[in-house]
Amino acid sequence: MEASMQIRGRTECAKSFENGECQMGFTKRTDVIIVGAGLAGAALAHSLGKDGRQVLAIERDLTQPDRMVGEVLQPGGYLKLVELGLEDCVNEIDSQRVLGYVLYKDGKSVELPYPLENCHPDVAGRSFHYGRFVQRIREKAASLPNVRLAQGTVTSLLQVQGTTKGVHYKTKTGQEMTAYAPLTVVCDGNFSNLRRSLSEPKVDVLSTFVGLILENSQLPFPNHAHVILAEASLLLFYPISSTEVRCLVDISGRKVPSISNGEMADYLTTVVAPQIPSTLYKAFISAVEKGNIRTMPNRCMPAAPYRIPGALLLGDALNMRHPLTGGGMTVALSDVALLRQLLTPLDHLNDASSFIESFYTLRKPMAFTLNTMAGVFQNMLCVSADEVRCEMRQACFDYLSLGGAFASGPVALLSGLNPSPWALTPHLLLGAIQSMGRLLLPFPSPKRIWFVARFIAMMDWDSFSPLSRPRELDQCSSLQLFCNATQPLQSLEIT
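1. Some words on the overall build of the protein chain
Inference 1: Looking only at helices and strands, the protein chain features 16 helices and 17 strands.
Inference 2: For the protein chain, buried positions account for 57% of its 495 residues.
Inference 3: For the protein chain, long-range pairs separated by at least 24 residues make up 73% of all intrachain contacts whose partners lie at least 6 apart in sequence.
Inference 4: Of the roughly 20500 Å² of accessible surface on the protein chain, 53% is carried by carbon and sulfur atoms.

In structure tokens:
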């Protein structure tokens with residue numbers, strides 16, 4: 001058995017790696033197998049490789065990804081890049097600094113800057129082409145002599161008496177192979193075919209993003225993401241290069257206009273276009289006429305992992321939230337940094353049960369905070385003909401328009417700068433009180449009292465008490481939450 005657990009050295013694989021496959025192995029035993037080399041997998045491979053671990057990362061397709069989300073990295077996520085030594089990966093890809101949001105509604109706008117006063121000048125959000133960013137991280141990981149990236153498809157986990165011992169996979173040429181390691185990390189994305197072996201997934205489709213790229217256009221507020229609370233759809237605009245702006249149109253419900261028969265183009269030009277800022281109108285119409293329109297369902301999935309020795313989940317394979325607030329990459333990088341921290345003092349990974357449990361527990365403050373913010377904003381800002389939901393939308397805009405702590409507090413939460421579940425409660429309570437007040441004005445008629453009752457029924461009141469969310473914070477003590485949530489992210493040194 002021990003002989004079969006050996007794989008040969010990286011130098012022997014160099015030629016075949018260029019073709020996306022490696023039929024040879026390492027001369028040293030593999031410490032960690034990583035399934036998937038997207039953002040989470042590539043960042044983990046680099047981090048563990050720097051720590052001297054022998055890493056095998058297996059990815060279905062090592063060519064540059066082409067996707068229309070994962071394009072905004074929050075400041076909290078950038079700080080995690082710094083912690084992992086990957087901050088240079090946002091260089092040389094024409095990435096853009098993001099300094100906050102601008103929220104539009106009914107001709108009014110409110111600027112919501114990130115609270116970066118106490119941060120290093122280089123700390124800000126970043127926006128970019130996702131594929132360019134991931135390729136940079138892959139290149140850094142592959143440059144380490146003890147990290148091997150292999151193109152292949154993992155078909156199943158190798159489990160012996162309830163413990164994961166490795167994976168079965170097929171190379172690019174179809175050859176079936178088995179790799180062994182004391183730890184297997186599954187981070188093969190939102191379409192993971194292995195998560196059912198390690199968790200109890202409950203995936204819900206909340207809405208659909210329709211994506212366009214606007215060329216040679218300028219946003220009204222440079223270096224800001226723009227969120228437009230239009231009557232027909234929720235609209236997002238943010239730069240992804242020095243000459244391109246990404247537009248995302250959020251369509252609620254499961255019925256989406258067809259792209260193939262022209263329904264989508266007609267919807268975008270006649271319904272959406274009249275509601276976007278005039279400075280972006282021509283570029284928007286031009287993008288629609290070019291026909292490069294893409295759609296993507298927005299999925300939500302709470303983390304519900306099994307505690308299986310020898311394996312754990314990471315990234316979108318473990319947990320998804322609505323991408324409206326752009327928190328996915330920040331949660332993933334935070335998880336990578338935490339896992340690396342837990343593994344660093346261990347000489348051997350054979351007894352995996354203790355740190356796997358610690359990982360799933362200690363990741364929860366950041367994950368809970370960003371997941372809740374994504375859910376709250378999606379719930380309050382989505383388009384609806386329901387009068388109660390319309391009032392919720394207006395109340396959210398009015399609350400953020402108050403400025404000061406009423407704006408900086410929620411922005412610090414959703415940006416990952418303040419990953420504290422406890423800081424959520426006052427803002428959620430104040431926002432709920434303001435919404436109910438609007439529903440009761442100008443006087444509490446029976447109809448308006450009924451609206452308040454419906455509003456109360458619509459609210460996710462579990463969010464108001466962090467410890468009441470078993471899927472997010474089960475078995476996580478108050479002390480653990482406090483210690484992990486109050487780490488001074490802003491104090492990280494940037495060289």
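On we go.
2. Observations concerning helix α7 (residues 278-290)
Inference 1: With 13 residues, α7 should cover 18 Å at 1.5 Å per step; its first-to-last C-alpha distance of 19 Å lies within 8% of that length.
Inference 2: Buried within α7 we find L280, A283, F284, I285, A287 and V288.
Inference 3: Elements in contact with the buried residues of α7: β12 (204-215), β14 (234-239), β15 (244-252) and α6 (263-272).
Inference 4: Positive phi appears at G291, one or two residues downstream of α7, with a value of about 85 degrees.

3. Details of the packing of aromatic side chains
Inference 1: This model, assessed by the stated rule, comprises four aromatic pairs.
Inference 2: Plain terms: the ring middles of F359 and Y360 are 5.5 Å apart, the flat faces sit at 55 degrees to each other, and that makes the pair tilted.
Inference 3: Here Y360 falls in the buried class, since its relative accessible area comes to 3%.
Inference 4: With 5.4 Å between their ring centres and 85 degrees between their planes, Y399 and F406 make a pair best called edge-to-face.

4. As for a nonpolar patch on the surface
Inference 1: The grouping of L402, F406, L429, L430 and I433 at the surface amounts to a nonpolar patch, some 450 Å² of accessible area in total.
Inference 2: Along the chain, F406 turns up in helix α12 (residues 405-414).

5. Concerning the packing of helix α8 (residues 328-343) against helix α10 (residues 364-381)
Inference 1: In contact at an axis separation of 10 Å, α8 and α10 are set at 175 degrees when each is read in the N-to-C sense. Relative to α10, the element α8 lies roughly antiparallel. Residues T330, V331 and S334 of α8 pack against M366, A367 and L370 of α10.
Inference 2: Here the residues of the contact of α8 with α10 are counted per class, giving four nonpolar, two polar and no charged.

6. Things to note about the pairing of strand β9 (residues 163-171)
Inference 1: One ladder, built from eight bridges, connects strand β8 (residues 147-160) with β9; its direction is antiparallel. Across the sheet, V160 pairs through a bridge with T163, a residue of β9.
Inference 2: Between β8 and β9, which pair antiparallel and follow one another directly, the connecting turn spans two residues, one of which, Q161, has a positive phi of 50 degrees.
Inference 3: Connecting β9 to the antiparallel partner strand β10 (residues 176-180) that follows it, the hairpin turn spans four residues, and G174 within it adopts a positive phi of roughly 95 degrees.

7. Re the state of the cysteines
Inference 1: Inspection of every chain in the model, using the stated rule, returns zero disulfides.
Inference 2: Cysteine C382 shares no disulfide, and the gap to the nearest cysteine sulfur, in C390, comes to 9.4 Å.

8. Section: the environment of A45
Inference 1: Position of A45 relative to the elements: it lies in helix α2 (residues 39-50).
Inference 2: It is 7.2 Å that separates the C-alpha atoms of A45 and I34, two residues lying eleven residues apart in sequence.

9. Digging into the sheet that holds β10
Inference 1: Pairing within the open sheet is mixed, and its seven strands lie in the order β10-β9-β8-β2-β1-β11-β17. The sheet is open, and its two borders are formed by β10 and β17 (311-313), each paired with just one other strand. The sheet shows a mean angle of 35 degrees between the axes of neighbouring strands, direction not considered.
Inference 2: Strand direction decides the pairing type here: β9 and β10, joined by five bridges, are antiparallel. Following the sheet pairing, H168 is matched in β10 by T178.

10. Focus on the confidence of the model for the protein chain
Inference 1: When pLDDT is averaged along the protein chain, the result is 85; 86% of the residues meet or exceed 70.
Inference 2: Confidence over residues 1-27 falls short of pLDDT 50; this stretch has 61 contacts with residues more than four positions distant or in other chains.
Inference 3: This stretch, residues 465-495, has a pLDDT under 50; its non-local contacts, to residues over four places away or in other chains, come to 68 contacts.

11. Considerations on the side chain of H46
Inference 1: Its location among the elements puts H46 in helix α2.
Inference 2: Ignoring sequence-local partners within four residues, the contact set of H46 consists of L84, G85, L86, K140, A141 and L144.

12. As for the sheet that holds strand β16 (residues 294-300)
Inference 1: Strand order in the open sheet made by the seven strands is β6-β5-β13-β14-β15-β12-β16, with mixed pairing throughout. Of all strands in the sheet, those bounded by a partner on one side alone are β6 (108-113) and β16. Each strand of the sheet is rotated relative to its neighbour by a mean of 20 degrees, with strand direction disregarded.
Inference 2: With seven bridges joining them, β12 and β16 adopt antiparallel strand pairing. Looking at the pairing, S207 lines up with N298 of β16.
Inference 3: Sheet strands in contact with α6 are β12, β14, β15 and β16, and its direction is about 95 degrees off that of β15.

13. As for the packing of helix α11 (residues 387-401) against helix α13 (residues 421-440)
Inference 1: Between α11 and α13, the least distance of the axes is 9 Å, while the angle of their chain directions is 125 degrees. When the axis of α11 is compared with that of α13, the two are oblique. Pair α11 / α13 crosses with right-handed handedness. Between α11 and α13, the contacting residues are V388, E391, M392, Q394, A395, D398 and Y399 on the first element and H427, L430, G431, Q434, S435, R438 and L439 on the second.

14. Some points on the side chain of R321
Inference 1: Looking at the secondary structure, you find R321 in the loop between β17 and α8.
Inference 2: By relative accessible area, which is 9% here, R321 ends up buried.
Inference 3: Of the polar contacts made by the side chain of R321, one reaches the side chain of N319; its length is 3.1 Å.
Inference 4: A distance of 2.8 Å separates a polar atom in the side chain of R321 from a polar atom in the side chain of N371.
Inference 5: When residues no more than four places from it in sequence are discounted, the contact partners of R321 are R299, C300, D316, G327, G328, V331, L370, N371 and A374.

15. Overview of the nonpolar core
Inference 1: Membership of the largest hydrophobic core comes to 122 residues, with the highest contact counts inside it found for L39, F133, V167 and V185.
Inference 2: L39 has contacts with Y130, F133, V134, I137, M329, A332 and L333, leaving out every residue within four places of it along the chain.
Inference 3: Among the nonpolar cores identified, the runner-up in size contains 27 residues, and L219, L235, M264 and I285 belong to it.

The rules behind each value
Residues numbered from 1 in each chain as written. Predicted model: local features only at pLDDT ≥ 70, side-chain atom pairs only at ≥ 80, totals over all residues. Heavy atoms only, no water. Helix = DSSP H or I, 4+ residues; strand = E, 2+ residues; numbered from the N terminus. Buried < 20%, exposed > 50% of the residue type's maximum accessible area, 1.4 Å probe, protein only. Contact = heavy atoms within 4.5 Å. Areas by Shrake-Rupley, 256 points an atom, 1.4 Å probe, with all protein chains shown as cover. Expected span 1.5 Å × (residues − 1). Phe/Tyr/Trp six-rings, centres within 6.5 Å; stacked < 30°, edge-to-face > 60°. Patch = residues over 30% accessible without salt bridge, like charges linked within 9 Å, V, L, I, M, F, W, Y side chains within 5 Å. Salt bridge = Lys/Arg side-chain N within 4 Å of Asp/Glu carboxyl O. Axes fitted to C-alpha atoms, helices over the stretch in contact; angles between N-to-C directions. Parallel < 35°, antiparallel > 145°, perpendicular 65-115°, else oblique. Nonpolar A, V, L, I, M, F, W, Y, C, P; charged D, E, K, R; others polar. Pairing = 2+ DSSP bridges. Disulfide = S-S within 2.5 Å. pLDDT = per-residue confidence, 0-100. Left-handed = near helix turned anticlockwise from the far one by under 90°. Polar contact = N/O pair within 3.5 Å; in protein donor to acceptor, adjacent residues only side chain to side chain. Core = buried A, V, L, I, M, F, W, Y, C linked by side-chain atoms within 4.5 Å.

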